[in-house]
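These are the residues of each chain, in order.
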Amino acid sequence: MRTLLLGITGLFCSAAALSEEDTNTTMDIYGFAMLDTGYQSKQNDPDWFDVVRPTKLPSFEDEFGADGHWFAGVRQSRFGVKTSTPTGLGDLKTQFEFELFGTGVDAGQTTFRLRHAYGELGQFGAGQTWSPFMDIDVFPNSIEYWGPNGMVFFRNVQVRWMPIKGDYTRLTFALERPGASADQGEYADRIELENIAPHFPYPDVSGEFRMGSEDWGYVEIAGIVRYIEWEDQLADAFDLSGDEMGWGVNLSSNLKLGNSTVRLQVVYGEGIQNYMNDAPEDVGIRNNFSDPRRPIVGEALPLLGVVAFIDINWSDSMSTSIGYSMVDIDNSDGQSDNAFKHGDYALANILFTPVKNFMFGPEIQYGRRENFRDGFTSDDVRVQVSFKYSFSKTFGGE
């Protein structure tokens, strides 16, 4: 913590020096402090107490205890720095940004989490930022942190080339850090699966093309291809090694209708779950009992995701977002009966911005989970109120 505070102090000192000494480089310091609070009518995994994720809803009756919880947190709060310097090879841009929403081993905690660590010069960029396979502009104007479950949403480490970088038209290609997860399903407790190790010899390859205008919005198509491999390292009678090709196509759009924006996305693919906002494992087990050497094999799971929202600006100080999203998985026959099959997500809000940099408002949220084979479903309804205090300051420039 002390090191981080010293680093932030150094940023402000550098910014002060920048404003006096360098009129070509600009530095933007920005962020917000945000409180989320509200009431959850049902239950979910307590590590995800302040978000709506259908995959984290119960997979059996009362999995996470009693219904009804009041929640509060500041984990959406964010801090970031951007710079831009003109050069003979184009603008040199950097971005460093973090928030307080713990995930992974820090799930459920209020702790520092890296969002962006990225730089670009002209047509080339490298670091961690939005995957070209996703479209961040599909995200609605909501206060629920996690967002639509059927949206492609992944900040990945990558090297990218951007031969077209217009305001409304762009073309991007990237080599991204590979990775995938597997569901061992009905065989999760078998010793034969304990020594299966993932192997990723090639990067994921992604790309996007967007075409649009200021008048009506844009349409975008994106795609990804990925090689998923696993190795059986146990010396026994079985050979459970294998590989699969993952792929996906993502069609998205923002359409301007008067004072409103319609945000749409449809994505379909196989083995792309870890690029989704809320979906389980990329690979499932398929029974293959006719082959005694390989009685089970891995299968890239097909997935369909849909997002449909409308943001309405009633005035400069009041707006509404309403919409629906879903994810549907084509499960493999070796997955457990309570494996995740289908998830629904919906919300509606009315948000107020009485003065610049201050926003607050209520939102009603809904999530639903459907299991694979046992017929069990669970849902959740929440009412959330958030208060967001933003800040930004630009240093340097001519």
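Residues numbered from 1 in each chain as written. Predicted model: local features only at pLDDT ≥ 70, side-chain atom pairs only at ≥ 80, totals over all residues. Heavy atoms only, no water.

### Examining the overall build of the protein chain
Part 1: When helices and strands are counted, the protein chain shows one helix and 21 strands.
Part 2: A compact globule built from 398 residues should have a C-alpha radius of gyration of about 21 Å, and the protein chain, at 23 Å, falls within 12% of that.
Part 3: The dimensions of the protein chain, computed from C-alpha atoms along their principal axes, are 75 × 50 × 50 Å.
Part 4: Across the 398 residues that make up the protein chain, the buried fraction comes to 47%.
Part 5: For the protein chain, the exposed surface amounts to about 18,500 Å²; the carbon and sulfur share of it is 58%.
Part 6: Averaging the coordinates of the 31 positive side-chain charges in the protein chain and doing the same for the 58 negative ones gives two points 5 Å apart. (Helix = DSSP H or I, 4+ residues; strand = E, 2+ residues; numbered from the N terminus. Rg over C-alpha atoms; globule rule 2.2 N^0.38 Å. Buried < 20%, exposed > 50% of the residue type's maximum accessible area, 1.4 Å probe, protein only. Areas by Shrake-Rupley, 256 points an atom, 1.4 Å probe, with all protein chains shown as cover. Lys, Arg positive; Asp, Glu negative; His and termini not counted. Charge placed at Lys NZ, Arg CZ, Asp CG, Glu CD.)

### A closer look at the nonpolar core
Part 1: If you look at the biggest cluster of nonpolar residues, it comprises 25 residues, and the most contacted ones within it are Phe133, Met151, Val152, Val267, Met276, Leu303 and Val327.
Part 2: Broken down by secondary-structure element, the contributors of at least two residues to this core are β11 (217-232), β16 (302-315), β17 (318-329) and β18 (340-349).
Part 3: When near neighbours in sequence (up to four residues on either side) are disregarded, Met151 contacts Met134, Asp135, Ile136, Val138, Phe139, Gln265, Met276, Asn277, Val307 and Ser325. (Core = buried A, V, L, I, M, F, W, Y, C linked by side-chain atoms within 4.5 Å. Contact = heavy atoms within 4.5 Å.)

### Quick notes on the confidence of the model for the protein chain
Part 1: Per-chain confidence: the protein chain averages 94 in pLDDT, with 94% of residues scoring 70 or above.
Part 2: In the predicted structure, residues 17-21 sits below a pLDDT of 50 and forms eight contacts with residues beyond four places in sequence or in another chain. (pLDDT = per-residue confidence, 0-100.)

### Re the pattern of salt bridges
Part 1: For the structure on display, the rule yields 24 salt bridges.
Part 2: Ionic pairing is found between Lys42 and Asp379, a salt bridge with its closest N-O pair at 2.8 Å. Here Lys42, found in the loop between β1 (26-40) and β2 (69-73), pairs with Asp379, found in strand β21 (residues 377-396); they are 337 residues apart in sequence, far enough to count as distant.
Part 3: Asp379 sits in the partly exposed class, given a relative accessible area of 28%.
Part 4: With a shortest N-O distance of 3.0 Å, Asp380 and Arg382 are connected by a salt bridge.
Part 5: The network of salt bridges with common partners includes Asp135, Asp137, Arg170, Glu208, Arg210 and Glu220. (Salt bridge = Lys/Arg side-chain N within 4 Å of Asp/Glu carboxyl O.)

### What about the environment of Gln273?
Part 1: Counting through the fold element by element, Gln273 comes out in the loop between β13 (260-270) and β14 (283-287).
Part 2: Residue Gln273 is classed as buried on the basis of its relative accessible area of 0%.
Part 3: Residues Gln273 and Val327, spaced 54 residues apart in sequence, show a C-alpha to C-alpha distance of 10.0 Å.
Part 4: Leaving out residues up to four positions away in the same chain, Gln273 has contacts with Ala279, Pro280, Glu281, Asp282, Leu301, Pro302, Leu303 and Ile329.

### What to know about the packing of aromatic side chains
Part 1: This model, assessed by the stated rule, comprises 20 aromatic pairs.
Part 2: For the ring pair Phe133 and Tyr275, a centre distance of 6.0 Å and an interplane angle of 80° mean the geometry is edge-to-face. Taken together, the residues span a long stretch of sequence, with Phe133 in the loop between β6 (124-130) and β7 (155-165) and Tyr275 in the loop between β13 and β14 at a distance of 142 residues.
Part 3: Here Phe133 falls in the buried class, since its relative accessible area comes to 0%.
Part 4: Ring centres 6.0 Å apart and planes at 65° place the aromatic pair Phe139 and Phe153 in the edge-to-face group. In this pair, Phe139 is assigned in the loop between β6 and β7 and Phe153 in the loop between β6 and β7, connecting sequence segments 14 residues apart. (Phe/Tyr/Trp six-rings, centres within 6.5 Å; stacked < 30°, edge-to-face > 60°.)

### Concerning the environment of Phe71
Part 1: Among the structural elements, Phe71 can be located in strand β2.
Part 2: When the C-alpha positions of Phe71 and Thr87 are compared, they lie 48 Å apart, and in sequence the two are 16 residues distant.
Part 3: Once residues within four sequence positions are removed from consideration, Phe71 is found in contact with Asp36, Thr37, Gly38, Tyr39, Gln40, Phe49, Asp50, Arg382 and Gln384.

### Re unusual backbone geometry
Part 1: Located in the positive-phi region is Asp62, a residue other than glycine, with phi close to 55°.
Part 2: Secondary-structure assignment places Asp62 in the loop between β1 and β2.
Part 3: The backbone of Asn357 sits at a positive phi, close to 75°, despite the residue not being glycine.
Part 4: In this fold, Asn357 is placed in the loop between β19 (351-355) and β20 (358-371).

### Considerations on the pairing of β1
Part 1: In this structure, β1 lies alongside β21, joined through 15 bridges in antiparallel fashion. Paired with Thr37 across the strands is Val385, a residue of β21.
Part 2: Where β1 meets strand β3 (residues 78-87), seven bridges bridge the pair, whose relative direction is antiparallel. If you follow Tyr30 over to β3, its bridge partner there is Gly80. (Pairing = 2+ DSSP bridges.)

### Quick look at the side chain of Ser252
Part 1: Considering the arrangement of structural elements, one finds Ser252 in strand β12 (residues 242-257).
Part 2: Among the polar contacts made by the side chain of Ser252, one reaches the side chain of Asp135 at a distance of 2.8 Å.
Part 3: Apart from residues lying up to four places away in sequence, Ser252 is in contact with Asp135, Val138, Tyr218, Val219, Glu220, Leu264 and Gln265. (Polar contact = N/O pair within 3.5 Å; in protein donor to acceptor, adjacent residues only side chain to side chain.)

### Remarks on the side chain of Asp232
Part 1: In this fold, Asp232 is placed in strand β11.
Part 2: Despite its burial, Asp232 pairs with no opposite charge; the closest candidate is Arg293, at 7.1 Å N-O.
Part 3: A polar atom in the side chain of Asp232 sits 3.1 Å from the backbone nitrogen of Leu234.
Part 4: Side-chain polar atoms of Asp232 contact the backbone nitrogen of Leu240, separated by 3.0 Å.

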